[in-house]
Amino acid sequence: MKRMGWEEFARAMGVEPQILENREARLLKEFIMNLKFPTHCGGCQGLDLSNPNPLHHPSYELTPACNHDCVFCYSNVAVKLGKAPKPGYYGWDRPYAITVSQYGEPLLSPHIVKVNRMLRERFPGARLDLQTNGSLLTEELWEKLDFDLVMISLDASTREKHMAITNADTFDAVVNALRIVGEDKSVRSVVRTIFMPGINDEEVPKIAELAASLGIDEMMLQPLTIHELNVERLKKAGLDFERAKSVREYLKAAMKAEEYIDVRISGCQLAVYRTMDPLTLFSARRVARDVAPIVKRRRAVFNQ
């Protein structure tokens, strides 16, 4: 007896077979294929999936201290565990880009202007990125700084929500910082937002709209990494831990933000998502938990 394939069997039973298609999965796949990598991620080793041990691009760390106390922050976890990097340059001799900085709030340091100028002179070919919460950025300070890209963190669209996330009453100051850099078209301006479902998922498109109205060029939407010392704080703040693992939820938030601003997602993750078929992408889950961040760079010592 001839064995029937499933399509033949279905037809023999009077049913016309149909190939399962998930429309939402297809739209997610189209979305990520059309996304651009974040400007900040340009040149990063993590975009090359054939590299078995990519290093994050270089940074200059000024201080692990911060005037915010965000419920999700990896920097305060590193400080509590004694893992925060000491001040200095972490990288190599001919960097394509340097971030000031990955830990703490760099504008708290009295050396920010001096270090900025030193890096410009020592590495004239490197792109200099400033990562800041923006609360201490003033017109006067901005005139003394010289960066190519500025990332300002904002995870809420209202003062009340901002206070609940950062434990600091600095919303108006952050918005003013966005305005300052948004008006300066000599730099690439980015609002950096962490996606925290249950806490700020409804805020993401509002942040995008606000940033765009202030002249910001780009939104870098990043997924949440849940560090163990922050679990209780995030639980109290209302985080939906299951949705925080969902790639689909993360991408849907980015799609909503795209209505207002040039939205980008983490470059190394985008590189991976592009390799997935639509249904795999639709059901993919992230490993969202970690213990403490690790600096995968060597500290270089040189005179300032």
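Above this text you will find the structure in question.
Residues numbered from 1 in each chain as written. Predicted model: local features only at pLDDT ≥ 70, side-chain atom pairs only at ≥ 80, totals over all residues. Heavy atoms only, no water.

In this section: helix α8 (residues 204-213). Structurally, the α-helix is built with 3.6 residues per turn, so residues lying three or four positions apart point the same way. Of the residues making up α8, those classed as buried are Val204, Pro205, Ile207, Ala208 and Ala211. Projected down its long axis, α8 shows its buried positions confined to an angular sector of 155°, all on one face. Contacts from the buried residues of α8 go to β6 (188-195), β7 (218-223) and α11 (247-257). One or two steps after α8, the chain reaches Gly215, where phi turns positive at roughly 90°. (Buried < 20%, exposed > 50% of the residue type's maximum accessible area, 1.4 Å probe, protein only. Helix = DSSP H or I, 4+ residues; strand = E, 2+ residues; numbered from the N terminus. Arc of directions from axis to C-beta. Contact = heavy atoms within 4.5 Å.)

Now for the side chain of Glu249. Within the secondary structure, Glu249 is located in helix α11. Separated by 3.2 Å, the side chains of Glu249 and Arg243 make a polar contact. What Glu249 contacts, discounting residues up to four positions off in sequence, is Phe195 and Arg243. (Polar contact = N/O pair within 3.5 Å; in protein donor to acceptor, adjacent residues only side chain to side chain.)

Okay, the packing of helix α2 (residues 23-34) against α11 next. Closest axis-to-axis distance for the α2/α11 pair is 11 Å, and the angle between their directions is 65°. Between α2 and α11 the crossing geometry is left-handed. Only Arg248, Leu251, Lys252, Ala254 and Met255 of α11 make contact with α2, whose side of the interface consists of Glu24, Leu27, Leu28, Phe31 and Ile32. Residues belonging to the contact of α2 with α11 are distributed by class as follows: seven nonpolar, no polar and three charged. (Axes fitted to C-alpha atoms, helices over the stretch in contact; angles between N-to-C directions. Left-handed = near helix turned anticlockwise from the far one by under 90°. Nonpolar A, V, L, I, M, F, W, Y, C, P; charged D, E, K, R; others polar.)

This next bit is on the environment of Leu270. Mapped onto the elements, Leu270 comes out in helix α12 (residues 267-273). Through-space distance from the C-alpha of Leu270 to that of Phe37 is 7.4 Å; in sequence the pair is 233 residues apart.

What follows concerns the environment of Arg289. For Arg289, the position within the fold is in strand β10 (residues 289-290). In this structure, the C-alpha to C-alpha distance between Arg289 and Glu228, residues 61 residues apart in sequence, is 7.1 Å. Ignoring any residue separated from it by four or fewer positions in sequence, one finds Arg289 in contact with Ile226, Glu228, Val231 and Phe241.

According to the stated counting rule, one finds 18 salt bridges in the structure shown. Here Arg179 and Glu139 are joined by a salt bridge, their closest N and O atoms 3.2 Å apart. Taken together, the residues span a long stretch of sequence, with Arg179 in helix α7 (residues 171-183) and Glu139 in helix α5 (residues 139-142) at a distance of 40 residues. A relative accessible area of 26% means that Arg179 is categorised as partly exposed. (Salt bridge = Lys/Arg side-chain N within 4 Å of Asp/Glu carboxyl O.)

Across the eight residues of β6, seven count as buried, placing the element largely inside the fold. Two elements, β6 and β7, share six bridges in a ladder whose sense is parallel. What sits directly across from Phe195, in β7, is Pro223. Crossover connection from β6 via α8 to parallel β7: handedness right-handed. (Pairing = 2+ DSSP bridges. Right-handed = clockwise from strand over helix to strand, strands pointing away.)

Direction vectors running N to C along α8 and α11 enclose 35°, while the axes themselves pass 8 Å from each other. Taken as a pair, α8 and α11 cross one another with a handedness that is right-handed. Contacts between α8 and α11 involve Val204, Pro205 and Ala208 on the former and, on the latter, Ala253, Lys256 and Ala257. Class assignment of the residues belonging to the contact of α8 with α11 gives a composition of five nonpolar, no polar and one charged.

Another point: the packing of aromatic side chains. One pass over the full model with this rule turns up three aromatic pairs. For the pair Tyr74 and Tyr103, a centre-to-centre distance of 5.4 Å together with 90° between the ring planes defines the contact as edge-to-face. Of this pair, Tyr74 sits in helix α3 (residues 74-80) while Tyr103 sits in the loop between β3 (97-100) and α4 (112-122), and the two are 29 residues apart along the sequence. A relative accessible area of 21% places Tyr74 in the partly exposed class. Look at Tyr103 and you get buried, because its relative accessible area is 4%. (Phe/Tyr/Trp six-rings, centres within 6.5 Å; stacked < 30°, edge-to-face > 60°.)

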